[in-house]
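Descriptive structure summary
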Amino acid sequence: MEIRKNIVSAFRRPIFNHIPCGEISLFDIYRYEVSPRAMETQKTLRAMTDEKAQKAFKDKNFDWVTPAGTFSYASDDKQLTASEVVCMDLDYLCLPSEIDEENGDPVTELKEKLLKDSYFETLLLFRSPRGRGLKWWVPVELTKCDHRTWFTAIRNYVMQQYKLTNIQCDKQVVNESRGCFLGHDSHCYLKPELFEYF
């Protein structure tokens, strides 16, 4: 499998669409997040009070990407290239009533800590569409161990370092073809050096 650093497959909504529409970089994801493209859809999502309804709505209405690399089809055995990135899905960091992106909330507090993490570098970091979590993208070296081993190691580290629970640090996103929803985050972080290529 070829290594193409930080290049991933993009998919149009719904989540059940497993055919990619193209390949994009982390910079492209950053531009998507800070644009108003998903803003209104995200407002609708966050206004919902039923979690099952939220999930169903999110599955149908948000575009998504495969952080681990590019795929001909969204299936682990259809991976074309590896991005050398692991995306940690950190969720349930606050209650819906506690979401306050402008004045700070538990999600913002953890974001600031992750950006200062002395062990793992942050390539991309943004708030999840529901507003209660973060998508933390960190670089890995696949010559040392495979994607799933890296994921497990990083997950164990995050849980211990930042006192997160088994539920807050989602273990279901360990596989290579797992999708990451894109939404709107005007405070999305992209490693400054990644702007230089564009």
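Remember, predicted model here, so these are calculated numbers, not experimental data.

So, the sheet that holds strand E5 (residues 69-71)
- Read from one edge of the open sheet, 3 strands run E1-E6-E5, paired in mixed fashion. Where the open sheet ends on each side, the last strands, each with one partner, are strand E1 (2-3) and E5.
- Pairing of E5 with strand E6 (residues 79-82), which is carried by 3 bridges, proceeds in the antiparallel orientation. By the bridge assignment, Phe 71 is partnered in E6 with Gln 79.

Quick word on unusual backbone geometry
- Along the chain, Arg 13 connects to Pro 14 via a cis peptide bond; the corresponding omega equals 5°.
- Assignment of secondary structure puts Pro 14 in the loop between strand E2 (7-11) and strand E3 (22-25).
- The backbone of Asn 6 shows a phi angle near 65°, a positive value even though the residue is not glycine.
- As for its position among the elements, Asn 6 is in the loop between E1 and E2.
- Residues other than glycine seldom take positive phi values, yet Lys 163 does so here, at roughly 55°.
- In this structure, Lys 163 sits in the loop between helix H5 (147-161) and strand E10 (180-181).
- Exposure remark for Lys 163: the relative accessible area of 67% places this residue in the exposed category.

A few points about the state of the cysteines
- Within the structure shown, the criterion is met by 0 disulfides.
- Left without a disulfide partner, Cys 21 is nearest to the cysteine sulfur of Cys 180, which lies 14 Å away.
- Judged by its relative accessible area of 45%, Cys 21 is partly exposed.
- Sulfur of Cys 94: no disulfide; nearest cysteine sulfur belongs to Cys 169 and is 16 Å away.

A closer look at the packing of aromatic side chains
- For the structure shown, the criterion picks out 10 aromatic pairs.
- Measuring from centroid to centroid gives 5.0 Å for Tyr 119 and Phe 120, while their planes differ by 70°, and the two rings are edge-to-face.
- Taking the relative accessible area as the measure of exposure, Tyr 119 reaches 62% and is therefore exposed.
- Accessibility expressed as a relative area gives 9% for Phe 120, which makes it buried.

What counts as what
- Residues numbered from 1 in each chain as written.
- Predicted model: local features only at pLDDT ≥ 70, side-chain atom pairs only at ≥ 80, totals over all residues.
- Heavy atoms only, no water.
- Pairing = 2+ DSSP bridges.
- Helix = DSSP H or I, 4+ residues; strand = E, 2+ residues; numbered from the N terminus.
- Buried < 20%, exposed > 50% of the residue type's maximum accessible area, 1.4 Å probe, protein only.
- Disulfide = S-S within 2.5 Å.
- Phe/Tyr/Trp six-rings, centres within 6.5 Å; stacked < 30°, edge-to-face > 60°.

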